[in-house]
Amino acid sequence: MGFSHLHLNKNTSLQVTKTKLDSLQRAGVELMIHMCPNCHIQYDRYQSVIEKEYGVEYDMVHMNIAQFVAMGADPYKVCGFQTHSVPLEGFLEKAGII
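Residues numbered from 1 in each chain as written. Predicted model: local features only at pLDDT ≥ 70, side-chain atom pairs only at ≥ 80, totals over all residues. Heavy atoms only, no water.

Caption draft 1: The arrangement of the packing of helix H2 (residues 10-26) against helix H3 (residues 37-54) in detail. Two elements in contact, H2 and H3, have axes whose closest approach is 10 Å; the angle formed by their N-to-C orientations is 95°. Comparing their axes, H3 and H2 come out roughly perpendicular. Facing H2, whose interface residues are Asn11, Ser13, Leu14, Gln15, Thr17, Lys18, Lys20 and Leu21, H3 presents Gln42, Tyr43, Tyr46, Gln47, Val49, Ile50, Glu53 and Tyr54. When the residues that make up the contact of H2 with H3 are grouped by side-chain class, the tally is seven nonpolar, six polar and three charged. (Axes fitted to C-alpha atoms, helices over the stretch in contact; angles between N-to-C directions. Helix = DSSP H or I, 4+ residues; strand = E, 2+ residues; numbered from the N terminus. Parallel < 35°, antiparallel > 145°, perpendicular 65-115°, else oblique. Contact = heavy atoms within 4.5 Å. Nonpolar A, V, L, I, M, F, W, Y, C, P; charged D, E, K, R; others polar.)

Right, dumping it as structure tokens:
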């Protein structure tokens, strides 16, 4: 129910994503690493939409596996963290990266 389904059935796609985010939040997940670029877009871009629409707040960030592998390089020039919808700065500070 990822990115492509968002265009076919937005409400169902967001509800399925919300259910997954709820489960991750209960498990204490702080960082979700995505292998799939579409999944990364679905979670990063729409987490704030879900938070606003459903009145919830998630305390997690999302990275693509390539960004995670490049950790240690410049987080903005190399990893492109400034392009994320969910800000990574709090997590990066906590992890001692910036």
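Caption draft 2: Main features of the side chain of Gln42. Mapping Gln42 onto the fold places it in helix H3. Within the structure, Gln42 has its side chain in polar contact with the side chain of Thr17 (distance 2.8 Å). (Polar contact = N/O pair within 3.5 Å; in protein donor to acceptor, adjacent residues only side chain to side chain.)

Caption draft 3: Spatial organisation of the pattern of salt bridges. This model, assessed by the stated rule, comprises three salt bridges. A salt bridge links Lys94 to Glu30; its shortest N-O distance comes to 2.7 Å. Note that Lys94 is positioned in helix H5 (residues 89-94) and Glu30 in the loop between H2 and strand S1 (31-34), a separation of 64 residues in sequence. In this structure Lys94 comes out as exposed when scored by relative accessible area, which is 62%. Classification of Glu30 by relative accessible area gives partly exposed; the value is 36%. (Salt bridge = Lys/Arg side-chain N within 4 Å of Asp/Glu carboxyl O. Buried < 20%, exposed > 50% of the residue type's maximum accessible area, 1.4 Å probe, protein only.)

Caption draft 4: Representation of H2. With 17 residues, H2 ought to run about 24 Å at 1.5 Å a step, and its terminal C-alpha atoms sit 24 Å apart, in line with that. Of all the positions in H2, only Ser13, Leu14, Thr17, Lys18, Leu21, Asp22 and Leu24 are classed as buried. Looking one or two places after H2, you find Gly28, whose phi comes out positive at around 80°. (Expected span 1.5 Å × (residues − 1).)

Caption draft 5: Quick peek at the nonpolar core. Of all hydrophobic cores here, the largest spans nine residues; its members are Leu14, Leu21, Leu24, Met32, Tyr43, Tyr46, Ile50, Tyr58 and Met60. Setting aside residues no more than four positions away along its own chain, Met60 makes contact with Leu21, Leu24, Gln25, Val29, Glu30, Gln47 and Val86. (Core = buried A, V, L, I, M, F, W, Y, C linked by side-chain atoms within 4.5 Å.)

Caption draft 6: A look at the pairing of S1. Residues Met32 and His34 point to one face of S1 and are all buried, whereas Leu31 and Ile33, pointing to the other face, are not buried. Judged from the four bridges that link them, S1 and strand S2 (residues 61-64) form a sheet pairing that is parallel. Bridge pairing in S2 places Leu31 opposite Val61. Crossover handedness for the path S1 to H3 to S2: right-handed. (Pairing = 2+ DSSP bridges. Right-handed = clockwise from strand over helix to strand, strands pointing away.)

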